[in-house]
Amino acid sequence: MILTKNNATIRIISHCLFWIGFLFFYASNKPDFISYYSFVFVYCWKILVQAVFAYGLLYFIVPRTLNKKRYVSFGFSSLCWLYFVFTFLMVLKFYYLEPKFSGFFDQWPGHKMSIKERLTSLNLIFGEFSFITYPAIIMGFISFSKKQQKLSKIEEEKKTMELKVLKNQLNPHFLFNTLNNLYALTLKKDDKAPEMISKLSEILDFVLYRCNDHFVSIEKEINLLQNYISLEKLRYDENRLEISFLHNVDNTTKITPLILLTLIENAFKHSVVNETKKAQIKINLQNQNNQILFTVENTKPQNELTKPMNSYGIGIKNIRKQLELLYPEKHLLLIEEDEQRFNVKLTLTV
């Protein structure tokens, strides 16, 4: 409640300052033969007329017509409201301001016209219309800019929330597979289990605490990939797995975290896990000409249970969604396969 009251007070003050600014602007062009009292009094009425038109247009007509895409109604209502305010201004001048301040309006084109002539004179109508409307135009532009900023902020918050949801889906997916690997070693009381725990600890440190930003240095991502590959090497001996990881990148390059990890994880899942013979995985990472080029090639298990890589789980779906959010129109993800191999190619423009 306090916050709402404070916002309302700030809004009222800002609107008052807006109109006071117009008064100072008009006063800066005051003719020398007119007193300040007369000038301020007359222009306070004129500004009041401008404010009546502006608020009626922006807070009544626009929400009921333009915001609902009723463009014809908006145009007709705006013109009717403008002419009504113009009529009020002409009546105000003719019956009150001119008699009270004789000589003030001597240079005004409509001074010698009757009410009927004023309300039908095209030259006078167009001249007064421009005077009445230009504060409303400025207010409309300011309001539009604020709405665009608000929409951009909302869109950014929505994007951030989507990414958090995707990462929350991705991290348990990765951890589940890794813990399964560790469980398999502990069942066998394998001496590699402590080393695997150490590697897993480093990975958890990165996943939980160091990848909360949209982008991280590619050096950190490479360290993560190397730790994960080390975990998998501990699980499978040389007779089951042949893997190579080549990388040649500028360490200052930024990349969204966990994208590459998921692709490598899929390579293991679709090669060595179901392979009874020796699996091969080749990973290559490089950047050139403001592009990150990442490829993963792995052998395909020769059994009938193998499914296309695109059909597996949330991993690939999450990758595609994150790429759309963080690299709109700046990424290309290709997943190809033949009878013997899967081949994933990811290109990111940074």
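As the structure is a prediction and not an experimental result, all values here were calculated from the model.

1. Brief notes about the overall build of the protein
Thought 1: Helix and strand counts for the protein stand at nine helices and seven strands.
Thought 2: Residue burial in the protein is summarised as follows: out of 350 residues, 40% are buried.
Thought 3: If you sum the accessible surface of the protein, you get close to 21000 Å²; carbon and sulfur atoms cover 59% of it.

2. Thoughts on the sheet that holds strand β6 (residues 331-337)
Thought 1: With mixed pairing, the five strands of this open sheet are ordered in space as β2-β4-β5-β7-β6. For this open sheet the edge positions go to β2 (241-248) and β6, each flanked by a neighbour on one side alone. The sheet shows a mean angle of 5° between the axes of neighbouring strands, direction not considered.
Thought 2: The strands that helix α7 (residues 218-235) touches are β2, β4 (279-288) and β5 (291-299); relative to β2, the one it contacts most, it runs at about 170°.

3. Considerations on the nonpolar core
Thought 1: Formed by 48 residues in total, the largest nonpolar core has its most connected members in I283, L285, F294 and L346.
Thought 2: Here this core gets eight residues from one element, more than from any other, and that element is α7.
Thought 3: If near-sequence neighbours (up to four positions away) are discounted, L346 is found in contact with I259, L260, L263, I292, L293, F294, L323, L332 and L333.
Thought 4: By size, the runner-up hydrophobic cluster in this structure holds 38 residues, among which are W19, I61, F86 and A136.

4. Observations regarding the environment of Y236
Thought 1: One can find Y236 in the loop between α7 and β2.
Thought 2: With 36 residues separating them in the primary sequence, Y236 and V272 have C-alpha atoms 8.5 Å apart.

5. Thoughts on helix α3 (residues 71-100)
Helical geometry note: an α-helix holds 3.6 residues per turn, so side chains three or four residues apart project in the same direction.
Thought 1: Between its first and last C-alpha, α3 extends 42 Å over 30 residues, near the 44 Å set by a 1.5 Å rise per residue.
Thought 2: By the largest-angle criterion, K93 marks the main kink of α3, which is about 45°.

6. Considering the pattern of salt bridges
Thought 1: Taken as a whole, this structure holds five salt bridges when the rule is applied.
Thought 2: A salt bridge links R118 to E98, with the nearest nitrogen and oxygen atoms 2.7 Å apart. Residue R118 is located in helix α4 (residues 115-120), and its partner E98 is located in helix α3; the two are separated by 20 residues in the primary sequence. Neither residue differs from the other here; R118 and E98 are each classed as buried.
Thought 3: A salt bridge links K278 to E242; its shortest N-O distance comes to 3.9 Å.

7. Structural notes on the packing of α7 against helix α8 (residues 259-269)
Thought 1: Where α7 meets α8, the axes come as close as 9 Å, and the angle between the chain directions of the two elements is 20°. When the axes of α7 and α8 are compared, the pair comes out roughly parallel. Both α7 and α8 take part in a crossing whose hand is right-handed. Of the residues in α8, those touching α7 at E221, L224, L225, Y228 and E232 are I259, L260, L261, I264, E265 and F268.
Thought 2: Partitioning the contact of α7 with α8 into residue classes produces eight nonpolar, no polar and three charged.

Analysis parameters
Residues numbered from 1 in each chain as written. Predicted model: local features only at pLDDT ≥ 70, side-chain atom pairs only at ≥ 80, totals over all residues. Heavy atoms only, no water. Helix = DSSP H or I, 4+ residues; strand = E, 2+ residues; numbered from the N terminus. Buried < 20%, exposed > 50% of the residue type's maximum accessible area, 1.4 Å probe, protein only. Areas by Shrake-Rupley, 256 points an atom, 1.4 Å probe, with all protein chains shown as cover. Pairing = 2+ DSSP bridges. Axes fitted to C-alpha atoms, helices over the stretch in contact; angles between N-to-C directions. Contact = heavy atoms within 4.5 Å. Core = buried A, V, L, I, M, F, W, Y, C linked by side-chain atoms within 4.5 Å. Expected span 1.5 Å × (residues − 1). Bend = angle between axes of the 7 residues up to and from the residue. Salt bridge = Lys/Arg side-chain N within 4 Å of Asp/Glu carboxyl O. Parallel < 35°, antiparallel > 145°, perpendicular 65-115°, else oblique. Left-handed = near helix turned anticlockwise from the far one by under 90°. Nonpolar A, V, L, I, M, F, W, Y, C, P; charged D, E, K, R; others polar.

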